[in-house]
Every structure is written in C-alpha cells, then in structure tokens.
Amino acid sequence: MRFKYPKLALLALIFLTSYLVMTADLFRPARSWIVDLGYAGILVAGILYSYGLTAAPATAALLILSKSQGLVFAALLGGIGAAFGDFAIFKVIRLSFMDEINELKGEKFVAALNSAIPKPIGKYVLPVVAGFIILSPFPDEIGVSLLASSEKISGAHLVVISYVLNTLGIFLILALGQTVLA
C-alpha cells in the first residue's frame, strides 16, 4: 500500500507514538528534572510547551516553576523557549514538507475550502486560525505548519508572532492554574 502523503503520514504516526510515550509514568523523573533546573527549566519547559506531545508535562513544569520564579517571568522566559521550539518546527516544515504541502494545496477539498471563504477575508483566515492555535493549548505544530505553508511569512516574522502569542498563552494558562490551585 502506498500513501499519497508519506511524510505527513509518518509525522502523524510520530506524534501519536510520542504522545503515548510521553504520557507514561516512566517519564515522570524527566519532568521532575526539568523543574529542578530553575530558570533553565523554564526555558526548556517553554521549548517543550510548543510540541503537542510534550505540552502537558511542560505546562505542569511551568506551573510549578512559576510559583517559585514568578508568573510573569515564567511566561516571558517560557515564551522565548516556545518561540525557539516553533522556529524549529517552522524550519523542518519549510525544509522537508513543502513538496507535500504544495501538492496538498492542489487537492479538491482545499480548493473547495478556499472558494467557500469570501475573497476579502480569505487572506486573513489562515494567519488568524494559525495565531489562535499558537495562542491556545492546541499543538503549535498545526499553527506553525499553517504559517510555514504561506510564502509571505518569514522565519523572523514567525519568531515574533510565536513569542507574543505563546507568552500570552502561557501567562493565561499559568494565571488560571495558580488561581485554581490557590
């Protein structure tokens, strides 16, 4: 059996497998190790926050670290880590997946989706959806992949967008978490 999009199928399989591994109790010591790192732990947790597979343990580490290091500081430094993680995703997508993404753009369902969106707002839909995904606890891989598929977004633009949105998202999650756990 041959897949039409083998790289994207393999990527989805890797995400699923990694999620199953990362949620296992076997990795609890690794999560504790990050918390013991202090400032460096915030940066590492920020990087891990970007990936859907490691976002939950990273959020837990950030929540614990924000109690000792400060909520605002944890969000600012975690945002730097998350922007770094998103930039890595962006580069991988741009270097390895653009051939399949460009082919995917020619599919009927993509054309139908594009024609269903009114032209005046069409150019804003992709960046807004991608931004919402990056801001939210949803996997950044999806939002960054959407931005990487646009030739108008440079790596520098991605880093700024990612930092602002991830910092805000981390801050909101940590503020909510501290309120709930208080």
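Residues numbered from 1 in each chain as written. Predicted model: local features only at pLDDT ≥ 70, side-chain atom pairs only at ≥ 80, totals over all residues. Heavy atoms only, no water.

A.B. asks: Mind showing me how you'd approach a nonpolar patch on the surface here?
C.D. replies: On the surface, Ile121, Tyr124 and Val128 cluster together into a nonpolar patch covering about 310 Å² of accessible area. Looking at where Val128 falls in the secondary structure, it is placed in helix H7 (residues 119-135). (Patch = residues over 30% accessible without salt bridge, like charges linked within 9 Å, V, L, I, M, F, W, Y side chains within 5 Å. Areas by Shrake-Rupley, 256 points an atom, 1.4 Å probe, with all protein chains shown as cover. Salt bridge = Lys/Arg side-chain N within 4 Å of Asp/Glu carboxyl O. Helix = DSSP H or I, 4+ residues; strand = E, 2+ residues; numbered from the N terminus.)

A.B. asks: Can you help me understand the nonpolar core in this one?
C.D. replies: By size, the foremost hydrophobic cluster in this structure holds 15 residues, and its most contacted members are Ile42, Ala45, Tyr49, Leu62, Ile170 and Leu174. Secondary-structure elements contributing two or more residues to this core are helix H3 (39-49), helix H4 (55-69), helix H5 (71-105) and helix H9 (155-181). The residues touching Leu174, leaving out its near neighbours within four places in the chain, are Thr59, Leu62, Leu63, Ser66, Leu71, Ala74 and Ala75. Grouped together as the second largest cluster of nonpolar side chains are 14 residues, Met98, Ile101, Ile134 and Leu147 included. (Core = buried A, V, L, I, M, F, W, Y, C linked by side-chain atoms within 4.5 Å. Buried < 20%, exposed > 50% of the residue type's maximum accessible area, 1.4 Å probe, protein only. Contact = heavy atoms within 4.5 Å.)

A.B. asks: Before we go on, may I ask you to explain H4 in this structure?
C.D. replies: The periodicity of an α-helix, 3.6 residues per turn, causes residues three or four positions apart to be oriented the same way. Between its first and last C-alpha atoms H4 spans 20 Å; for 15 residues at 1.5 Å apiece the expected length is 21 Å, and the two agree. Looking only at H4, the buried set comprises Ala55, Pro57, Ala58, Ala61, Leu62, Leu63, Leu65 and Ser66. In the segment just after H4, Gly70 is the residue with positive phi, at about 100 degrees. (Expected span 1.5 Å × (residues − 1).)

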